[in-house]
Amino acid sequence: MNLQKIMMSLLFLIMTSATVFAQKSVDAQITDLIKRDNTLLTEKDTSLKLTEAQEAKVREIYKELVVVLDKAPKSKKKQQEFEKTVLPKREETLNAVLSLLTPKQLEAYNTNGIH
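**Q** Just checking my understanding: could you explain the overall build of the protein for this structure?
**A** Within the protein one finds four helices and zero strands. When its helices and strands are written in sequence order, the protein yields α-α-α-α. Residue burial in the protein is summarised as follows: out of 115 residues, 24% are buried. Here the analysis covers contacts within the protein between residues at least 6 apart in sequence; of these, 66% occur between residues at least 24 apart.

If you want it as structure tokens, here you go:
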């Protein structure tokens with residue numbers, strides 16, 4: 001009976017650790033995307049950085065993309081399936097992010113060739 005409890009506890013610990021690791025990975029990817037956006041937005045004018053409200057919304061938008069990317073097939077054999085799944089999501093994500101930008105931010109985004 002004790003061995004069964006120990007095994008269940010270990011299994012729970014492993015599952016929890018994997019989930020935490022996966023979440024940290026997702027969070028890190030999202031943070032990198034936001035940093036990239038802010039770097040490009042503020043290249044000529046630091047006041048164009050994403051606001052906290054924009055960043056919170058962008059974080060949620062990017063989270064959806066990262067989840068799709070993580071679940072997408074990665075093998076060369078499934079390249080068409082990957083493109084069918086990921087490319088529309090990337091475009092949807094870009095459009096959603098662009099819709100959150102102010103006119104000045106959008107101008108900087110377009111000027112710096114971010115597409």
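**Q** What should I look at first to understand the nonpolar core in this one?
**A** The nonpolar side chains of soluble globular proteins are, as a tendency, buried together. The biggest cluster of nonpolar side chains holds 16 residues, and the ones touching the most others in it are Ile30, Ile34, Leu41, Leu50, Val58, Tyr62 and Leu101. Broken down by secondary-structure element, the contributors of at least two residues to this core are helix H1 (2–41), helix H2 (52–71), helix H3 (79–100) and helix H4 (103–111). Here Ile34 is in contact with Leu50, Glu55, Val58, Arg59 and Tyr62, once residues within four sequence places are set aside.

**Q** Explanation requested: the packing of H2 against H3 in the structure shown.
**A** A pair of packed helices can be characterised by two numbers: the angle between their axes and the separation between those axes. With their axes 9 Å apart at the nearest point, H2 and H3 run at an angle of 175° to one another. Put simply, H2 runs roughly antiparallel to H3. Here Gln54, Lys57, Val58, Ile61, Tyr62, Glu64, Leu65, Val68 and Leu69 of H2 lie close against H3, whose contacting residues are Phe82, Thr85, Val86, Lys89, Arg90, Glu92, Thr93, Ala96, Val97 and Leu100. When its residues are assigned to classes, the contact of H2 with H3 shows 11 nonpolar, three polar and five charged.

**Q** Help me understand the environment of Ser25, please; the structure alone is not making it clear to me.
**A** Mapped onto the fold, Ser25 is located in helix H1. C-alpha separation for the pair Ser25 and Val66, spaced 41 residues apart in sequence, amounts to 9.6 Å.

**Q** Explanation requested: H4 in the structure shown.
**A** For H4, the set of buried residues is Gln105, Ala108 and Tyr109. The buried residues of H4 all sit within an arc of 100° when viewed along its axis, so they share a single face. Facing away from the buried side of H4 by more than 90 degrees, the exposed set consists of Pro103, Lys104, Glu107 and Thr111.

**Q** I would appreciate a short explanation of H2 in the present structure.
**A** If you check H2, its first and last C-alpha atoms are 29 Å apart, about what 20 residues at 1.5 Å a residue would give, namely 28 Å. Three or more residues of H2 are buried, namely Gln54, Val58, Ile61, Tyr62, Leu65 and Val66. Along the axis of H2, the buried residues cluster in a sector spanning 145°; they form a single face. Summarising the geometry of H2, the exposed residues directed more than 90 degrees from the buried face are Glu52, Ala53, Lys57 and Lys71.

Conventions used here
Residues numbered from 1 in each chain as written. Predicted model: local features only at pLDDT ≥ 70, side-chain atom pairs only at ≥ 80, totals over all residues. Heavy atoms only, no water. Helix = DSSP H or I, 4+ residues; strand = E, 2+ residues; numbered from the N terminus. Buried < 20%, exposed > 50% of the residue type's maximum accessible area, 1.4 Å probe, protein only. Contact = heavy atoms within 4.5 Å. Core = buried A, V, L, I, M, F, W, Y, C linked by side-chain atoms within 4.5 Å. Axes fitted to C-alpha atoms, helices over the stretch in contact; angles between N-to-C directions. Parallel < 35°, antiparallel > 145°, perpendicular 65-115°, else oblique. Nonpolar A, V, L, I, M, F, W, Y, C, P; charged D, E, K, R; others polar. Arc of directions from axis to C-beta. Expected span 1.5 Å × (residues − 1).

Keep in mind these values describe shape, not function.
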